[in-house]
There are 2 protein chains.
Amino acid sequence: MAGPRGEYRKSAERREQILDAAFAVFAKSGYSASSVNEIAKAVGMTQTGVLHHFSGGKMALLRAVLERRDARAEHSLEDLHGRDFLAGLVEISRTQADQRGVVQLYSILAAEATDPEHPARPYFAERFHRIADAVTAAFQEVGADGGLLEGVSPRAAALSTLAIIEGLGLLWLDDLDVDMAEDSRRHINGFLVDPI
Amino acid sequence: MAGPRGEYRKSAERREQILDAAFAVFAKSGYSASSVNEIAKAVGMTQTGVLHHFSGGKMALLRAVLERRDARAEHSLEDLHGRDFLAGLVEISRTQADQRGVVQLYSILAAEATDPEHPARPYFAERFHRIADAVTAAFQEVGADGGLLEGVSPRAAALSTLAIIEGLGLLWLDDLDVDMAEDSRRHINGFLVDPI
């Protein structure tokens, strides 16, 4: 068993290295200006070698990059509850300010995937519902501790927080004078007795 | 002069009819499932006839549809000020609930156009800045009448309103339990002494 398992581990490591390179290339150049060849060069492989791991080509690389980014973001929130979860959400927005290309690619794919026929539709729809539920739970936890202002519905607060985070990303990409992290924080604080 | 002017008017009317048909087809089917041929049929023309008016094909038709929609929305706000302008913004969100395909196409094009290389980039960036300035002016007018809550900055209120309208559209397209018009109204009311 040692042989195949070793092979498997090596292949998994290779995939991670390719995704690191793809992330850097996409974040710098955006999707249309990036190429599988450039990603291959950045990781010291041939284009064929990269396509062996990601047979779907550039779009498969982009989806894998975004999925890994999502998984990491969700992992960073995993053990957080209530106010800490909401503060964690603000911190995720803060890290995005260094990832223009990736935020842009995410925005395009998220918009394209609203098409019921789009292959990424189930992934994005499920993802939005899952995040909405997690943010709702966090506001409920804050409410259980008496931390929500009078009349605030945890669900409505969660959906509006999610909406503003998405919208701020778009405005930021169009060079409007928004601060994704601080404006999200201010919005969330509009629901809380004590600010985060 | 009567001849050419008549020709011009006829051509302008034809363009409007084509755009009416394109709007209906795009709104029903979305971009990828729509074709110039289908739009031509809907308006009783040949594909060649449509391409005579829109030589850029399907993408040119989409841009013209969205630009006309924008122009109409802006026209509906033109003579409104302060609270009436903000209420008008809510009404625009309300009409979008009947235009799923167009909202979706708008979202995709707006996201794609955040790419500095995209041909629609200047149009969208300029558009966002112009709308942000108009909404800021409306909040300033409300403030001049003493209608803003303590500590509300007109600019920050405008940008967060714009962000939430954009984000609500995306969540709505992904079937989350949002109400674009009422949730926008609630957000705006969070800045006002008296609700709209």
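Residues numbered from 1 in each chain as written. Chains lettered and ligands numbered in written order. Predicted model: local features only at pLDDT ≥ 70, side-chain atom pairs only at ≥ 80, totals over all residues. Heavy atoms only, no water.

A. Expanded view of the interface of chain B and chain A. The interface is formed by 37 residues belonging to chain B together with 37 residues belonging to chain A. Buried surface at the junction of chain B and chain A, both sides included, amounts to about 3100 Å², of which 63% is carbon and sulfur. Considering only the surface of chain B that becomes buried against chain A, Thr114, Asp174 and Leu176 of chain B emerge as the three largest contributors, covering 18% of it. Salt-bridge contacts for aspartate 175 of chain A lead to arginine 121 of chain B; the nearest nitrogen and oxygen are separated by 2.8 Å. Put simply, chain B and chain A have ten residue pairs in polar contact (both at pLDDT 80 or more) between them. It is helix H8 (residues 154–173) of chain B that contributes the most residues to the side of chain B that touches chain A, 13 residues altogether. Of the residues belonging to the side of chain B that touches chain A, the class tally is 19 nonpolar, eight polar and ten charged. (Contact = heavy atoms within 4.5 Å. Buried area = accessible area lost by both parts, 1.4 Å probe. Salt bridge = Lys/Arg side-chain N within 4 Å of Asp/Glu carboxyl O. Polar contact = N/O pair within 3.5 Å; in protein donor to acceptor, adjacent residues only side chain to side chain. Helix = DSSP H or I, 4+ residues; strand = E, 2+ residues; numbered from the N terminus. Nonpolar A, V, L, I, M, F, W, Y, C, P; charged D, E, K, R; others polar.)

B. Quick look at the packing of aromatic side chains. One pass over the structure, following the stated rule, counts six aromatic pairs over all chains. Between tyrosine 106 of chain B and phenylalanine 124 of chain B, the aromatic rings sit 5.9 Å apart at their centres with planes inclined by 40 degrees, giving tilted as the arrangement. A residue pair is termed long-range when its members are at least 10 positions apart, and tyrosine 106 of chain B in helix H6 (residues 100–112) and phenylalanine 124 of chain B in helix H7 (residues 121–144) qualify at 18 residues. The same class applies to tyrosine 106 of chain B and to phenylalanine 124 of chain B, which are both buried. Both rings, one in tyrosine 123 of chain B and one in phenylalanine 124 of chain B, keep their centres 5.5 Å apart while their planes meet at 90 degrees; by these two values the pair is edge-to-face. Classification of tyrosine 123 of chain B as partly exposed rests on a relative accessible area of 22%. In this structure an aromatic cluster arises from ring pairing among Tyr106, Tyr123 and Phe124 of chain A. The ring centre of tyrosine 106 of chain B lies 5.1 Å from the NZ or CZ of arginine 69 of chain B, which sits over that ring. (Phe/Tyr/Trp six-rings, centres within 6.5 Å; stacked < 30°, edge-to-face > 60°. Buried < 20%, exposed > 50% of the residue type's maximum accessible area, 1.4 Å probe, protein only. Lys NZ or Arg CZ within 6 Å of the ring centre and 35° of its normal.)

C. Region of interest: helix H9 (residues 180–189) of chain A. Burial runs high along H9 of chain A: eight of the ten residues are buried. In this fold, the buried residues of H9 of chain A make contact with helix H5 (82–96), helix H7 (121–144) and helix H8 (154–173) of chain A together with H8 and helix H9 (180–189) of chain B.

D. Layout of the domain arrangement of chain A. Residues and elements named next belong to chain A. Each assigned domain of chain A is listed here: domain 1 (1–58) and domain 2 (79–196). Summarising the inter-unit geometry, the C-alpha centres of domain 1 and domain 2 are found 30 Å apart. Listed by partner, the interface residues are five residues for domain 1 and five residues for domain 2. Roughly 410 Å² of surface becomes buried between domain 1 and domain 2 when both sides are summed, with 80% attributable to carbon and sulfur atoms. At the boundary of domain 1 and domain 2, one finds zero salt bridges. Remark: the boundary between domain 1 and domain 2 carries zero residue pairs in polar contact (both at pLDDT 80 or more). Its residues placed into classes, the side of domain 1 that touches domain 2 shows four nonpolar, one polar and no charged. (Domains from an automatic or database assignment.)

E. Quick look at the nonpolar core. Grouped together as the largest cluster of nonpolar side chains are 122 residues, with contacts concentrated most on Leu61, Leu86 and Phe139 of chain A together with Leu61, Leu86, Phe139 and Leu192 of chain B. Once you skip the residues sitting within four places of it in the chain, phenylalanine 139 of chain B turns out to touch Leu86, Leu148, Pro154, Ala157, Ala158, Thr161, Ile188, Phe191 and Leu192 of chain B. (Core = buried A, V, L, I, M, F, W, Y, C linked by side-chain atoms within 4.5 Å.)

F. Expanded view of the relation of the copies chain B and chain A. Placing chain B over chain A gives an RMSD of 0.0 Å and needs a rotation angle of 180 degrees, together with 0.0 Å of translation along the axis. Between the two chains, the operation in question is that of a two-fold axis. Interface overlap between copies is the fraction of interface residues in one copy that are interface residues in the other; for chain B against chain A it reaches 100%, indicating a shared surface. (Least-squares fit on C-alpha atoms with pLDDT ≥ 70 in both.)

G. Region of interest: the side chain of lysine 58 of chain A. Residue and element names in this part refer to chain A. Locating lysine 58 in the fold gives a position in helix H4 (residues 57–77). Despite its burial, lysine 58 pairs with no opposite charge; the closest candidate is glutamate 38, at 8.2 Å N-O. Apart from the residues lying within four places of it in its own chain, the contact partners of lysine 58 are Phe26, Tyr31, Ser32, Ser34, Ser35 and Val36. (Lys, Arg positive; Asp, Glu negative; His and termini not counted.)

H. The arrangement of the environment of alanine 113 of chain A in detail. Residues and elements named next belong to chain A. Structurally, alanine 113 can be placed in the loop between helix H6 (100–112) and H7. Overall, the relative accessible area of 0% leaves alanine 113 in the buried class. Separated by ten residues in the primary sequence, alanine 113 and tyrosine 123 have C-alpha atoms spaced 8.5 Å apart.

I. Focus on the UniProt feature "domain: HTH tetR-type" (unreviewed entry) in chain A. When the UniProt feature table is mapped onto this chain, "domain: HTH tetR-type" (unreviewed entry) is found at residues 12–72 of chain A. Regarding residues 12–72 of chain A, the helix share stands at 79% and the strand share at 0%, and the terminal C-alpha atoms are separated by 17 Å. (UniProt positions renumbered as here; feature names shortened; annotations may be inferred.)

J. Local environment of the packing of H4 of chain A against H5 of chain A. Residues and elements named next belong to chain A. Where H4 contacts H5, the axes come no closer than 9 Å and their chain directions differ by 145 degrees. Judged by the sense of rotation from one axis to the other, the crossing of H4 with H5 is right-handed. Facing H4, whose interface residues are Arg69, Ala73, Ser76 and Leu77, H5 presents Phe85, Gly88, Leu89, Ile92 and Gln96. By residue class, the composition of the contact of H4 with H5 is five nonpolar, three polar and one charged. (Axes fitted to C-alpha atoms, helices over the stretch in contact; angles between N-to-C directions. Left-handed = near helix turned anticlockwise from the far one by under 90°.)

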